[in-house]
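Structural description and commentary
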Amino acid sequence: GKKDLEAIAYVSLGVIHDNQKEYTKAIENYKLYADLCEEVGDVPGLACALNCLGVDYMLLSSSPDEPGFVGTTPVERTEEMTAYLKQATACHSKHQEIGPDSGGRFVAGTNLGLCLGMLGDVANSAKQHQDALRVAIKMQTLYGQSIAVGNLGNLALIKNDLGTARTCFEQYLQLVQALLDPEAEVSAWKILANLSTRE
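Residues numbered from 1 in each chain as written. Predicted model: local features only at pLDDT ≥ 70, side-chain atom pairs only at ≥ 80, totals over all residues. Heavy atoms only, no water.

With respect to the overall build of the protein
Assigned secondary structure in the protein consists of nine helices and zero strands. Seen in sequence order, the protein has helices and strands lined up from the N terminus as α-α-α-α-α-α-α-α-α. Compactness check: the protein gives a C-alpha radius of gyration of 18 Å against a globular reference of 16 Å for 199 residues, within 12% of the reference. Based on the C-alpha atoms only, the size of the protein along its principal axes is roughly 65 × 40 × 30 Å. Here the protein holds 199 residues, and 45% of them are scored as buried. A separation of at least 24 residues holds for 54% of the contacts in the protein among residues at least 6 apart in sequence. (Helix = DSSP H or I, 4+ residues; strand = E, 2+ residues; numbered from the N terminus. Rg over C-alpha atoms; globule rule 2.2 N^0.38 Å. Buried < 20%, exposed > 50% of the residue type's maximum accessible area, 1.4 Å probe, protein only. Contact = heavy atoms within 4.5 Å.)

Following this line, the structure appears as structure tokens:
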């Protein structure tokens with residue numbers, strides 16, 4: 001009868017299974033957690049559950065060497081992988097709808113943008129990343145802005161829009177330099193070098 005403790009147990013089991021890369025078992029526990037959160041009206045808990053479910057479905061939709069990331073090379077997906085990706089999209093959409101705060105809306109928009117990009121819906125993916133960028137600017141988080149700008153740059157590369165990609169990755173470089181993130185800065189320089197080669 002102690003639903004709050006039961007909910008904590010389910011989310012904890014979900015995290016344990018995630019850590020062991022047992023995503024199907026984690027999903028079972030996150031669904032139980034989501035059900036309890038809905039029952040007791042715990043909106044932040046439900047948002048957390050939806051995010052966890054969406055991310056695990058994204059991981060199941062990807063091959064181990066392509067971890068839920070929109071790359072510039074199209075990836076062949078089985079029907080099962082596509083179905084997982086659609087479930088992820090549904091979870092992130094619902095998370096975005098109930099988004100209890102700006103941080104939650106940013107995360108939901110970013111994940112939804114990634115899902116849509118992986119499904120090949122570049123236009124709606126870009127819209128989600130642009131919305132996430134607006135939220136990150138409003139929150140004044142350079143880290144969030146760098147994620148959104150980098151995702152927009154990747155979408156521009158998919159569309160072979162090298163000018164937009166360059167603008168995005170130059171802005172990404174400035175943001176990660178301000179964050180003093182040397183690993184991300186090296187990555188940005190490599191991407192810009194590859195862009196120059198392609199141009």
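Read on, since the account is not over.
Here we look at the environment of Ser 125
Its location among the elements puts Ser 125 in helix H6 (residues 122–139). Not counting residues within four places of it along the chain, the set of residues in contact with Ser 125 comprises Gly 113, Leu 116, Gly 117 and Leu 155.

With respect to the nonpolar core
Counting 24 residues, the largest nonpolar core has Tyr 30, Tyr 33, Leu 53, Tyr 57 and Met 58 as its most contacted members. Within the residue set of this core, elements represented by two or more residues are helix H1 (3–19), helix H2 (23–40), helix H3 (43–60), helix H4 (79–98) and helix H5 (102–118). Ignoring any residue separated from it by four or fewer positions in sequence, one finds Tyr 33 in contact with Ala 7, Tyr 10, Val 11, Gly 45, Cys 48 and Ala 49. By size, the runner-up hydrophobic cluster in this structure holds 21 residues, among which are Leu 162, Phe 169, Ala 184 and Leu 192. (Core = buried A, V, L, I, M, F, W, Y, C linked by side-chain atoms within 4.5 Å.)

A word on the packing of aromatic side chains
Per the counting criterion, the structure on display carries two aromatic pairs. When the ring of Phe 169 is compared with that of Tyr 172, the centres are 6.2 Å apart and the planes differ by 85°; the resulting orientation is edge-to-face. Of this pair, Phe 169 and Tyr 172 both sit in helix H8 (residues 162–178), three residues apart, which is roughly one turn of the helix. You'll find Phe 169 and Tyr 172 in the same group, each marked buried. (Phe/Tyr/Trp six-rings, centres within 6.5 Å; stacked < 30°, edge-to-face > 60°.)

A few points about the packing of H5 against H6
The description of two helices packed together rests on the angle between their axes and the distance between the axes. Where H5 contacts H6, the two axes come as close as 8 Å, and the packing angle between them is 160°. Viewed along their axes, H5 and H6 adopt a mutual orientation that is roughly antiparallel. Both H5 and H6 take part in a crossing whose hand is left-handed. Contact with H5, carried on its side by Ser 102, Gly 103, Phe 106, Gly 109, Thr 110, Leu 112, Gly 113, Leu 114, Leu 116 and Gly 117, involves Asn 124, Ser 125, Gln 128, His 129, Ala 132, Val 135, Ala 136 and Met 139 of H6 and no other residues of that element. Its residues assigned to classes, the contact of H5 with H6 comprises eight nonpolar, 10 polar and no charged. (Axes fitted to C-alpha atoms, helices over the stretch in contact; angles between N-to-C directions. Parallel < 35°, antiparallel > 145°, perpendicular 65-115°, else oblique. Left-handed = near helix turned anticlockwise from the far one by under 90°. Nonpolar A, V, L, I, M, F, W, Y, C, P; charged D, E, K, R; others polar.)

Quick look at the packing of H5 against helix H7 (residues 142–158)
Where H5 contacts H7, the two axes come as close as 11 Å, and the packing angle between them is 15°. The orientation of H5 with respect to H7, classified from their angle, is roughly parallel. Two packed elements cross with a definite hand, and for H5 against H7 that hand is left-handed. Where H5 approaches H7, its residues Phe 106, Thr 110 and Leu 114 are matched on the opposing element by Gly 144, Ile 147 and Asn 151. Among the residues making up the contact of H5 with H7, the classes are represented as three nonpolar, three polar and no charged.

Focus on the pattern of salt bridges
For the structure shown, the criterion picks out six salt bridges. The network of salt bridges with common partners includes Lys 127, Asp 131 and Arg 134. (Salt bridge = Lys/Arg side-chain N within 4 Å of Asp/Glu carboxyl O.)

Some words on unusual backbone geometry
Located in the positive-phi region is Gln 140, a residue other than glycine, with phi close to 60°. One can find Gln 140 in the loop between H6 and H7. Here Gln 140 falls in the exposed class, since its relative accessible area comes to 70%. Of note in this structure, Leu 180 is not a glycine but carries a positive phi near 55°.

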